[in-house]
Amino acid sequence: HVQLVESGGGSVQNGGSLGLSCAASGSKYSVKCMAWFRQRPGKEREGVATIYTGGTGTYYADSVKGRFTISQDNDKNTMYLQMDSLQPDDAGMYYCAAHLRSGGACYASAPLFPFWGQGTQVTVS
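To start, this report covers the structure provided alongside it. Everything quoted here is computed from the prediction, not taken from an experiment. (Residues numbered from 1 in each chain as written. Predicted model: local features only at pLDDT ≥ 70, side-chain atom pairs only at ≥ 80, totals over all residues. Heavy atoms only, no water.)

Ranked by internal contacts, the top residues of the largest apolar core, which has 28 residues, are Leu4, Met34, Trp36, Leu81, Met83 and Tyr94. Listing elements by their share of this core, those giving two or more residues are β3 (18–25), β4 (33–39), β5 (46–52), β7 (68–72), β8 (78–83), β9 (92–99) and β11 (120–124). With four residues, the single largest contributor to this core is β3. If we ignore the near neighbours within four places in the chain, the residues touching Leu81 are Leu18, Gly19, Leu20, Trp36, Val48, Ala49, Phe68, Thr69, Ile70 and Tyr94. The next biggest cluster of nonpolar side chains, apart from the first, holds eight residues, and it includes Ala35, Cys106, Ala110 and Leu112. (Core = buried A, V, L, I, M, F, W, Y, C linked by side-chain atoms within 4.5 Å. Buried < 20%, exposed > 50% of the residue type's maximum accessible area, 1.4 Å probe, protein only. Helix = DSSP H or I, 4+ residues; strand = E, 2+ residues; numbered from the N terminus. Contact = heavy atoms within 4.5 Å.)

Structural data, given as structure tokens:
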């Protein structure tokens, strides 16, 4: 079983930046894939970005390409999302997700991920 805890959410002005963190604990094995999802007002949950263990591959939704950067610590159990040039339509609840499957897919599809954090709120004014 894996516990995920997000941090770093808050409020920024239009065009500002925020950095989110996700810490994984509770497993003897490192996570193999970690992902960020978000829920924006009036919209369905959507994938934002994913990263393979060791940073061997990344994925970004078209809506955030060039503005958001996903990264991972060497221990593979901490993930970050650096968000730059934030816009009001980026506001919402951001969730961390992870799976432990070696050689498995790592893309922003919610059914792939059995472990989820509680979320962290992002507001942009």
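After presenting the structure, the write-up continues.
A few words on the pairing of β3. Side chains Leu18, Leu20, Cys22 and Ala24 of β3 all project onto a buried face; the interleaved residues Gly19, Ser21, Ala23 and Ser25 project onto a face where none is buried. With five bridges joining them, strand β1 (residues 3–7) and β3 adopt antiparallel strand pairing. Directly across from Val5, in β3, lies its bridge partner Ala23. Relative to β8, β3 runs antiparallel, the two sharing six bridges. Looking across to β8, one finds that Ala23 is bridged to Thr78. (Pairing = 2+ DSSP bridges.)

Summed over all chains, the structure comprises two disulfides. At a sulfur-sulfur separation of 2.0 Å, the disulfide partner of Cys33 is Cys106. Its S-S torsion of about 80° marks the bond between Cys33 and Cys106 as right-handed, since a negative value means left-handed. Note that Cys33 is positioned in strand β4 and Cys106 in the loop between β9 and β10 (115–116), a separation of 73 residues in sequence. For the pair Cys33 and Cys106, one class covers both residues: buried. Shown here for the protein is a disulfide pattern of 1-3, 2-4, where each number marks a bonded cysteine counted in sequence order. (Disulfide = S-S within 2.5 Å.)

The next subject is the sheet that holds β7. To summarise the sheet geometry, strands pair through backbone hydrogen bonds and adopt either a parallel or an antiparallel arrangement. Reading across from one edge, β1-β3-β8-β7 is the order of the four strands in this open sheet, with antiparallel pairing throughout. Of all the strands in the sheet, the pair left with one neighbour each is β1 and β7. Between one strand axis and the next, the sheet turns through 15° on average, direction left out of account. (Axes fitted to C-alpha atoms, helices over the stretch in contact; angles between N-to-C directions.)

Any functional reading would require information that these geometric values do not contain.
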